[in-house]
Amino acid sequence: MDEKEPLLQIKQLKKHYPIEKGIMKKQIGMVKAVDDVTLTIHKNEVLGVVGESGCGKTTLGRAILRIVEPTSGEVIYHFDDKAVNFTTLNKKELRSMRRYVQMIFQNPYTSLNPRMTVFDIVAEPMVLAGTFTQNEIGERVRELIIKVGMEEKHLNRYPHAFSGGQRQRIGIARALSLQPKFVIADEAVSALDVSIQAQILNLLQDLQEEYGLTYMFIAHNLSVVEHISDRVCVMYLGRVVEIAETEELFYHPLHPYTEALLSAIPISDPTVKSERIMMPGEIGNAANLPSGCCFHPRCRYAKECCKKEYPVLKEIGQGHMAACHFAEQLNLSGIKELKLK
Ligand SMILES: Nc1ncnc2c1ncn2[C@@H]1O[C@H](COP(=O)(O)OP(=O)(O)OP(=O)(O)O)[C@@H](O)[C@H]1O
Ligand code: SF4
Ligand SMILES: [Mg+2]
């Protein structure tokens, strides 16, 4: 199989939330949570998506799965030689396609129903699908719980009996119960201790190989995505500002925002000097986007034209895209060391 075969094509996807005021709900503005995102996710790859809080990562994931309705744009899935436009499916069609795409949530403490046993939690998607016999459900639940590193005896217990890492394992088993092809993991390890994070990342990698999965792996921490991602996409205020293969992005960033994020990664080698690039202010307001390049109020390379002209995302090197007027001129600093898988 061609490694670069697309599984998912996202075309000019937007999710804008109206800001309403008063009992007449007069619209007084718009939050551009996701604004014109175009990207392709290939079969069997892990695409890391990073950016500060509020940059639109979760909204992008939800709009791709139509958990929230996109404002405009298209999401095309390629399943078994068929191209399916998710954005135009009716509710019934969407329900039948949902089994192929699943989401693992950030918080293993709140995402599992405390009144259901582990068995019922993992089995629920299959029960709701209504196409599996009791035997099939029982067999698959037992197989999955072992695959995620737990034991059959855990199936009769309730979520409160487990640690954060174990709960996330249960969440992963549930997400895989319908044998999806594409999984969005939204900050799946962010709430866990660092040592447990590594275990869950390894588990996700093992499951990816075993089941031939494709992941979109969302995190605000670049060091987390480095470990698991084939490519990384950096978002800023609802837009993709850079996308490249992981090693290329970490060593040779082309966007000043990526350079600043990379400079914040702690380096373990004491002989290597690194300078943290301080970005003034906060990420900004998706309801009131800065003119021109949205990053200009925080960019140390900004020039007059950056305030007026919006930089489009364009390919600079092979498969390496950036949205910066000066991407080819600025010789930006990448990371000094990399602990790639
Ligand atoms: N239902 C909603 N109504 C209005 N605005 C929303 C809604 N959901 C998200 N937003 C806004 O959209 C923007 C993007 O939010 P989103 O949750 O997607 O960001 P994120 O990158 O996932 O952040 P975090 O890292 O904190 O999870 C934010 O400005 C947020 O306030
Ligand atoms: S376009 Fe200008 S402001 Fe935006 S990232 Fe590039 S240099 Fe900075
Ligand atoms: Mg989020």
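Worth saying up front: this structure is predicted, and the values here are computed from it rather than measured.

Each value, and the rule that gives it
- For every chain, the first residue of the written sequence is number 1, and numbering continues from 1 along that sequence.
- Just so you know, chain letters begin at A and ligand numbers begin at 1, following the order they were written in.
- Given that the model is predicted, a residue must reach a pLDDT of at least 70 before its local features are reported, and side-chain atom pairs must reach 80 or more before they are shown or counted; all residues, however, enter totals for whole chains, interfaces and linings.
- To get the side-chain values, all heavy atoms of the structure are used, and hydrogens and water are removed first.
- Helix numbers and strand numbers start at the N terminus; a helix is a DSSP run of H or I with at least 4 residues, a strand a run of E with at least 2.
- Exposure classes here rest on a 1.4 Å probe applied to the protein chains alone. A residue is buried below 20% of its type maximum, exposed above 50%, and partly exposed in between.
- In these tables, accessible area is a Shrake-Rupley quantity obtained with a 1.4 Å probe, and a residue counts as shielded only by the protein chains included in the view.
- Neither His nor the chain termini are counted; the positive set is Lys and Arg, and the negative set is Asp and Glu.
- Here the site of a charge means NZ on Lys, CZ on Arg, CG on Asp, or CD on Glu.
- Any residue with a heavy atom positioned within 4 Å of a molecule or strand is treated as near that molecule or strand.
- Definitions used throughout: a 1 Å grid over protein atoms alone; a cavity as a set of points that fits a 1.4 Å probe which cannot get out; a pocket as an open set with protein on both sides within 12 Å along at least five of seven lines; a lining residue as one with an atom within 4 Å of a point.
- A pocket or cavity is taken to hold a molecule when more than half of that molecule's atoms are within 2 Å of the pocket's grid points.
- Polarity classes work like this: nonpolar for Ala, Val, Leu, Ile, Met, Phe, Trp, Tyr, Cys and Pro, charged for Asp, Glu, Lys and Arg, and polar for all others, with Gly in that last group.
- Angular values range over 0 to 180 degrees, each being the angle between N-to-C directions of two axes fitted as lines to C-alpha atoms, with helices fitted over their stretch in contact.
- Orientation is classified from the angle alone, with under 35 degrees giving roughly parallel, over 145 giving roughly antiparallel, 65 to 115 giving roughly perpendicular, and any other angle giving oblique.
- Here is the rule for handedness: rotate from the far helix to the near one, and if that takes an anticlockwise turn smaller than a right angle the crossing is left-handed, while a clockwise turn gives right-handed.
- Any pair of residues with heavy atoms lying within 4.5 Å of one another is described as a contacting pair.
- In short, DSSP must find at least two bridges between two strands for them to pair.
- Ring pairs are drawn from Phe, Tyr and Trp, using the six-membered ring of Trp, whenever the two centres fall within 6.5 Å, and their geometry is named by plane angle: stacked under 30 degrees, edge-to-face over 60, tilted for the rest.
- Here, a salt bridge means any side-chain nitrogen of Lys or Arg that lies within 4 Å of a carboxyl oxygen of Asp or Glu.
- One less than the number of residues in a helix, times 1.5 Å, gives the span that helix is expected to have.

Participant: Give me the overall build of the protein: which residues, what numbers.
Facilitator: The helix and strand tally for the protein stands at 10 helices and 12 strands. Among the 341 residues that make up the protein, the fraction classed as buried is 49%. Surface exposure of the protein reaches about 17,000 Å², of which carbon and sulfur atoms provide 48%. Where the 41 positive side-chain charges of the protein centre and where its 41 negative ones centre are 8 Å apart.

Participant: Break down the site of ligand 2 for me, citing the residues and quoting the values.
Facilitator: Around ligand 2 sit His-255, Pro-256, Cys-293, Phe-295, His-296, Cys-299, Tyr-301, Ala-302, Cys-306, Cys-324, His-325 and Phe-326, and those are all the residues in its vicinity. Applying the majority rule of atoms within 2 Å of the grid points places ligand 2 in the largest cavity. Split by residue class, the shell around ligand 2 holds 9 nonpolar, 3 polar and no charged.

Participant: Explain the packing of helix H3 (residues 118–129) against helix H5 (residues 164–176) to me, using residue names and the numbers behind them.
Facilitator: At their nearest, the axes of H3 and H5 sit 7 Å apart, and the two run at 30° to each other. As far as their axial angle goes, H5 and H3 are roughly parallel. Taken as a pair, H3 and H5 cross one another with a handedness that is right-handed. Only Ile-170, Ala-173 and Arg-174 of H5 make contact with H3, whose side of the interface consists of Val-118, Ile-121, Val-122, Glu-124 and Pro-125.

Participant: With reference to specific residues and values, describe the environment of Pro-18.
Facilitator: Structurally, Pro-18 is set in strand S1 (residues 6–21). Its relative accessible area of 41% is what places Pro-18 among the partly exposed residues. In sequence terms Pro-18 and Val-31 are 13 residues apart; their C-alpha atoms lie 6.3 Å from each other. Setting aside residues no more than four positions away along its own chain, Pro-18 makes contact with Gln-27, Gly-29 and Met-30.

Participant: Please give an account of the sheet that holds strand S9 (residues 231–236) that cites residues and values.
Facilitator: What the 8 strands build is an open sheet, ordered S6-S7-S8-S3-S9-S10-S12-S11; its pairing is mixed. A strand with exactly one partner marks an edge of an open sheet, and here the two such strands are strand S6 (101–104) and strand S11 (314–317). The average undirected angle you get between the axes of adjacent strands in this sheet is 25°. One ladder, built from 4 bridges, connects strand S3 (residues 46–50) with strand S8 (residues 214–218); its direction is parallel. Bridging from a neighbouring strand, Gly-48 pairs with Phe-217 of S8. Across the sheet, helix H6 (residues 194–211) lies against S3, S6 and S8, angled at about 160° from S8, the strand it touches most. The strands that helix H9 (residues 256–263) touches are S9 and strand S10 (239–245); relative to S9, the one it contacts most, it runs at about 105°.

Participant: Give a description of the packing of aromatic side chains that names residues and reports values.
Facilitator: Tallied over the full model, the rule gives 7 aromatic pairs. Between Tyr-77 and Phe-86 the ring centres are 4.3 Å apart and the planes differ by 55°, which places this aromatic pair in the tilted class. Ring centres of Tyr-257 and Phe-295 lie 5.2 Å apart, and the angle between their planes is 65°; on these two criteria the pair is classed as edge-to-face. Taken as a pair, Tyr-257 in helix H9 and Phe-295 in the loop between H9 and helix H10 (304–308) lie far apart in primary sequence, 38 residues in all. When its relative accessible area of 3% is taken as the criterion, Phe-295 is described as buried.

Participant: Explain the pattern of salt bridges residue by residue, including any values.
Facilitator: Following the criterion strictly, the structure yields 13 salt bridges and no others. Lys-153 serves as the salt-bridge partner of Glu-151, at 3.4 Å between the closest nitrogen and oxygen.

Participant: How would you explain H6 if you had to name every residue and give the values?
Facilitator: Given a rise of 1.5 Å per residue, 18 residues ought to cover 26 Å, and the 26 Å separating the end C-alpha atoms of H6 matches this to within 8%. Taken together, the buried positions of H6 are occupied by Gln-197, Ile-200, Leu-201, Leu-203, Leu-204, Gln-205, Leu-207 and Gln-208. For H6, the elements touching its buried residues are S3, S6, helix H4 (134–147), H5, S8 and helix H7 (222–228). Residue Gly-212 follows H6 closely and has a positive phi angle near 60°.

Participant: Break down the sheet that holds S1 for me, with residues and values.
Facilitator: The sheet built from 4 strands is open, its strands ordered S2-S1-S4-S5 with antiparallel pairing. Only two strands of the sheet have a single neighbouring strand rather than two, namely strand S2 (26–42) and strand S5 (82–85). Within the sheet, the average angular offset between the axes of one strand and its neighbour, ignoring direction, is 20°. Bridge count for strand S4 (residues 72–79) against S5 is 4 bridges, and the pairing is antiparallel. Among the inter-strand pairings, Ile-76 is bridged to a residue of S5, identified as Asn-85.

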